[in-house]
Amino acid sequence: MLQIESVSKQFAARILLKEASAHLRPGARVGLVGPNGVGKTTLLRMILGEESPDKGVIRKRPRLRLGYLPQELESLAGKTILDAAHRGLYPEHEAKRILSGLGFTEQDFGRPVETLSGGYRMRVALAHLLLSNPDVLLLDEPTNHLDKPTQAWFEQYLLKSGMTILVISHDTAFLDRVATHIWEIRHHTIQECRGNYSKFLEWRATRDAQQEASANRQAKEIARVQKFVDRFRYQANKASQVQSRLKQLEKIKRIELTRDSKRVRFKFPVPPASGRQVLELRGVAKSYGTTAVYTSLDFSVERGQRVALVGENGAGKSTLLKMLAGVLPFEKGTRTVGHGVTLHYFAQHQAETLNPERTILHSLEEVSSQAEMNFLRGIAGAFLFSGPDQKKPIKALSGGERNRVALARMLVEPANTLLLDEPTNHLDPASVDVLTDALTEFPGTIVFISHDPTFLSRVATRVVEVEDGTARDYFGDYEYYLWKRAQELESIKETTDELGSQQSRTSKATTRPAPPPVAPLRSRGADRRELSKSEARLEKQVARAETEIASIESRIRARDQELADPALYQDFARWNEMHLEQTRWKQELERLTARWVAFSQELEEVKQKLGAGG
C-alpha cells in the first residue's frame, strides 16, 4: 500500500532520517513514536507530498486516497459546524449522523465553529475526515484535546473501521489499545515492531540488551586479536600470522552502540511564598453570546494546592483558568488575588505565540533582559535543548519542541502560582516525565487542565469537576476522585432502581385511592434512613482508613530502624531497594491520609444533617 525506501532527510546540519525504510501494510494501525524533533511530522508531510526526501523514494499504490488530521487545525472561521463538517462535498444526512455520534445535537449544527472549544473543533475536523473515508488515515496527536467519552468513541471507530492508519501519538495508553504495529524513529532510521506499545517496549529492551551483549563480545575478540598483533608485530617467524589477523580486523564490521539522549531533571526556581489565600472568584458570571457558561461561580485556591480541573470539552475549564489568570473579563462578580501572589499562565496554544524567527535562546531572553546568558543556557538545557540546538530558530522546531520552549520561558522569572492549560500536549513521554517530576517538587500553587490520566494521578492533590456551570470539589488525589465518582454513580443507580421498583408497585395498584398529603413526612423519614445508611457506611470507611494508616505507619517506623543498621550499609543494593520501598509506603500514606480526611469531612456533614433533622 505504501513503501518507504531508503529515505534520507535533513534541514541544514540537522539529520532527521538516513536511509530509512518501512512498509505500511493494508489494515495495519501503526503508531509512529520517538522523541520530539526526530522527524515524525516531517515523515507524514513527505508521505502527503508536502515535503520531498533528499534521497530515496516513498512509493504509493496508484490512486491511493490519504486523509490527514494535523496537530493544529486549519482555521474554520466563518463556517457553521455542519458546513465545516461536510463542506458541500458529502451528503448532509451523513454529516449529521457522524456529528451526532461525536456528541453534537441538532441545535448545535448551526453554531459558528469559532465559538467552540479546542476539543469540539477537533471533533468537527474528525467528522469531515471520517466522511471522506480515505484509504490511509494519517493522524498527528489526535487525542490531545479529546475528553474521555469522545476518545473512547474515536478508539472504537478506529478499531471497527478496518482502515489503514499511521498515527503520531505520545498517549501510550491510546497506542496500547489501538496499535497493531509500532514504528520508532531512532538514530535516523525507522525500526518496526509488531504489536502495541507495551509489546514494543519489551521488544526494544530485549533488542538493546542483545546488541550490547554482541558489542561486548566483539570488543573482547578485537582486543584479543589486537593483543596478538601487538605482541608479534616485529617477529619475522610470525609475520604471516600477524598479516592474517590485521586483515581479519579490517574486515570486522564494528557494532556501534548509540546511546539515547540522557534524561535531564530540572526544578522550577523557588519564588517568594504567597499568602494563604491565592486566588478567589466570587459570584462570577460569564457568557459567550447567548451561551451562559457560568451564572454565579464561587471558586478559590489556597497556597500549596495542586488543583486539576476536569470535565468534558466545552464545560468551561479553559474559561475558568483564563478568568483566574486575569486574561478573560467576565460580566459579573469579583476576582481577588492574594497577598504576594505572582502568576505564570500557560495557554493551550501558548507555543503559537512564539516569534518563529527567534532562536531558542533569544526567545528565552525576550522574557527578561536582565537574565545572564549562562543562566538561559542552563534553562534551555533543562528542557532537553543542548549545545548548537539552542541556536535553532523556533520555525525549525517540532510542535513538542515549541511547547518545551514555551514552558521554559516560565522559568526565567520565578512565580509562586502556575496556571497551566494542557501543558503536556505534544510532549513525548520522556519530556512529560521531566515536567511531572518538576511540578510535584514545586513548592508553590498549581491549577492545571489535562486529559492525561498518568499526569493527573502524579500531580493533582485536589480535583475540581467542571460541569453545567458549577465547580465541584474533591479534596484528594485523582485516584480518590475516580473512586468517589464511581461511588456516586453507584448510589445514583441504586436510587434509580429503587424508584423504578416503587413506580412499578404503584402502577400495579391501580384501584387504590390517591395517597393523603403526608408524603413529605414519609420523604423526610426516607431521607433520615438514607442519611443513617450513609453514616454507617462512612464510619466503616473511616475506621478502615484508620486501620490501614496505622498499619503503614508501623511498617515505616520498623523500616526506619532497619535502615539505621550499619551492617546494611555494606550491601548498598539491598539498602537502596528497602529505601525505595519505604518511599512508596510514604506516598501511599499520603494518599490514605487524604482519603481519611475526605471521609471524615463527609461523615461530619452527614452527622450535622441528622442532628438538624432530629
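Not measured: the values here are computed from a predicted model.

Visitor: How should I be thinking about the nonpolar core in this particular structure?
Guide: Most often, soluble globular proteins have nonpolar side chains that are buried together. Phe266, Phe268, Phe383, Leu420, Leu439 and Phe448 are the most contacted members of the largest nonpolar core, which has 46 residues in total. Of all the elements, helix α12 (residues 399–412) adds the most residues to this core, at 7 residues. Excluding its chain neighbours within four sequence positions, the residues that come into contact with Phe266 are Ala382, Phe383, Leu411, Val434, Leu435 and Ala438. Listed in part, the 39 residues of the second largest apolar core include Ile81, Ala85, Leu139 and Phe174.

Visitor: Got a minute to help me understand unusual backbone geometry in this structure?
Guide: Keep in mind that most residues, glycine aside, have a negative phi and that most peptide bonds are trans. Of note in the backbone geometry, Ser6 takes a positive phi value of approximately 45° without being a glycine. Mapped onto the secondary structure, Ser6 falls in strand β1 (residues 2–11). On the basis of relative accessibility, which here comes to 39%, the residue Ser6 falls in the partly exposed class. The phi dihedral of Asn133 is positive, around 45°, even though this residue is not glycine. By secondary structure assignment, the location of Asn133 is in the loop between α4 (118–132) and β6 (136–140).

Visitor: I keep staring at the packing of helix α7 (residues 197–232) against helix α8 (residues 239–251) and nothing clicks. Help me out?
Guide: Packed helices, taken two at a time, are described by their axes: the angle between them and the distance between them. Close contact between α7 and α8 brings their axes to 10 Å; oriented N to C, the two are set at 150°. Between α7 and α8 lies a crossing of left-handed hand. Here Glu221, Ile222, Val225, Gln226, Phe228, Val229 and Phe232 of α7 come into contact with α8, specifically with Gln241, Val242, Arg245, Leu246, Gln248 and Leu249.

Visitor: Hey, could you run me through the side chain of Lys317 in this one?
Guide: Here Lys317 is to be found in helix α9 (residues 317–325). Here Lys317 falls in the buried class, since its relative accessible area comes to 7%. Contacts of Lys317, omitting those with residues within four sequence positions, involve Tyr294, Leu309, Val310, Gly311, Glu312, Ile449, His451 and Val466.

Visitor: Explanation requested: the sheet that holds strand β9 (residues 189–194) in the structure shown.
Guide: The strands that make up a sheet pair up through hydrogen bonds in the backbone, lying either parallel or antiparallel. With mixed pairing, 6 strands are arranged side by side in an open sheet as β5-β6-β7-β3-β8-β9. The open sheet terminates on both sides in strands that have one partner only, identified here as β5 (66–69) and β9. Adjacent strand axes in the sheet meet at a mean angle of 20°, parallel and antiparallel pairs treated alike. Where β6 and strand β7 (residues 164–168) come together, 5 bridges link them in parallel fashion. Bridge pairing links Leu138 to Leu166 in β7. Strands β3 (29–33), β5, β6, β7, β8 (181–186) and β9 of the sheet are contacted by helix α1 (residues 40–48), whose axis makes an angle of about 150° with β6. Taken strand by strand, α7 contacts β3, β8 and β9, and its axis lies near 50° from that of β8.

Visitor: Any chance you could explain the sheet that holds strand β4 (residues 55–60) here in plain terms?
Guide: Taken together, the 3 strands give an open sheet; going across it, the order is β2-β1-β4, and neighbouring strands pair in antiparallel fashion. The open sheet is flanked by β2 (14–24) and β4, the only strands paired with a single partner. Geometrically, the sheet is characterised by an average inter-axis angle of 20° between neighbouring strands, direction not taken into account.

Visitor: Hey, could you run me through the environment of Gly340 in this one?
Guide: Looking at the element boundaries, Gly340 is found in the loop between β13 (332–337) and β14 (343–346). Residues Gly340 and Asn416, spaced 76 residues apart in sequence, show a C-alpha to C-alpha distance of 8.7 Å. Each residue touching Gly340, except ones within four places of it in the same chain, is listed here: Ala273, Ser274 and Asn416.

Visitor: Whenever I open this one, the side chain of Asp140 confuses me. Can you help?
Guide: On the secondary structure map, Asp140 appears in strand β6. Buried charge without a salt bridge: Asp140, with Lys40 as the nearest opposite-charge side chain at an N-O distance of 7.4 Å.

Visitor: Would you explain the pairing of strand β16 (residues 445–449) in this entry?
Guide: Both faces of the sheet carry side chains from a regular strand, because those side chains alternate between them. Among the 5 residues that make up β16, 5 are buried, leaving the element largely enclosed by the rest of the structure. As defined by bridge partners, strand β12 (residues 306–310) adjoins β16 across 4 bridges and the pair is classed as parallel. Bridging from a neighbouring strand, Leu309 pairs with Ile449 of β16. With 5 bridges connecting them, strand β15 (residues 417–421) and β16 associate as parallel partners. Within the sheet, the bridge partner assigned to Leu420 lies in β16 and is Phe448. Traced from β15 through helix α13 (residues 429–441) to β16, the parallel crossover comes out right-handed.

Visitor: I keep staring at the confidence of the model for the protein chain and nothing clicks. Help me out?
Guide: Low pLDDT marks stretches whose predicted atomic positions should not be read closely. Averaged over every residue, the pLDDT of the protein chain is 83; the share at 70 or more is 88%. Within the protein chain, helix α15 (residues 478–508) has the poorest average pLDDT of any element, 68, and β13 the best, 96. Predicted confidence for residues 509–523 stays below pLDDT 50, and this span has 0 contacts to residues more than four positions away or in other chains.

Visitor: Explain the pattern of salt bridges here, please?
Guide: Opposite charge on two side chains allows them to pair when their charged atoms are near. For the coordinates displayed, the defined rule picks out 34 salt bridges. One salt bridge in this structure joins Arg276 and Glu302, with 3.6 Å as the shortest N-O distance. Highlighted residues: Arg276 in the loop between α8 and β10 (277–288) and Glu302 in strand β11 (residues 291–302), separated in sequence by 26 residues. The class for Arg276 is exposed, based on a relative accessible area of 60%. Residue classification places Glu302 among the partly exposed residues on the basis of a relative accessible area of 28%.

Visitor: Help me understand the packing of aromatic side chains in this model?
Guide: Think of a pair of aromatic rings as described by two things: how far the centres are apart, and how the planes are tilted against each other in angle. Using the criterion set out here, one finds 10 aromatic pairs in the structure. Ring geometry for Phe228 and Phe232: centres 4.8 Å apart, planes at 50°, overall tilted. Taken together, the positions of Phe228 and Phe232, both in helix α7 and 4 residues apart, correspond to about one turn of that helix. Given a relative accessible area of 16%, Phe228 falls into the buried group. Pairwise contacts between aromatic rings join Tyr197, Phe200 and Trp203 into one cluster. In this structure, Arg245 packs its charged tip against the face of Phe228, placed 4.0 Å from the ring centre. Of note, Arg595 hangs over the ring of Trp483, and the distance from its end group to the ring centre comes to 5.2 Å.

Visitor: What's the story with the pairing of β14 in this structure? I'm lost.
Guide: A one-sided burial pattern is seen for β14, the buried positions being His344 and Phe346 and the unburied ones Leu343 and Tyr345. With 4 bridges connecting them, β14 and β15 associate as parallel partners. Bridge pairing in β15 links Phe346 to Leu420.

So, how was this worked out
- Residues numbered from 1 in each chain as written.
- Predicted model: local features only at pLDDT ≥ 70, side-chain atom pairs only at ≥ 80, totals over all residues.
- Heavy atoms only, no water.
- Core = buried A, V, L, I, M, F, W, Y, C linked by side-chain atoms within 4.5 Å.
- Buried < 20%, exposed > 50% of the residue type's maximum accessible area, 1.4 Å probe, protein only.
- Helix = DSSP H or I, 4+ residues; strand = E, 2+ residues; numbered from the N terminus.
- Contact = heavy atoms within 4.5 Å.
- Axes fitted to C-alpha atoms, helices over the stretch in contact; angles between N-to-C directions.
- Left-handed = near helix turned anticlockwise from the far one by under 90°.
- Pairing = 2+ DSSP bridges.
- Lys, Arg positive; Asp, Glu negative; His and termini not counted.
- Salt bridge = Lys/Arg side-chain N within 4 Å of Asp/Glu carboxyl O.
- Right-handed = clockwise from strand over helix to strand, strands pointing away.
- pLDDT = per-residue confidence, 0-100.
- Phe/Tyr/Trp six-rings, centres within 6.5 Å; stacked < 30°, edge-to-face > 60°.
- Lys NZ or Arg CZ within 6 Å of the ring centre and 35° of its normal.

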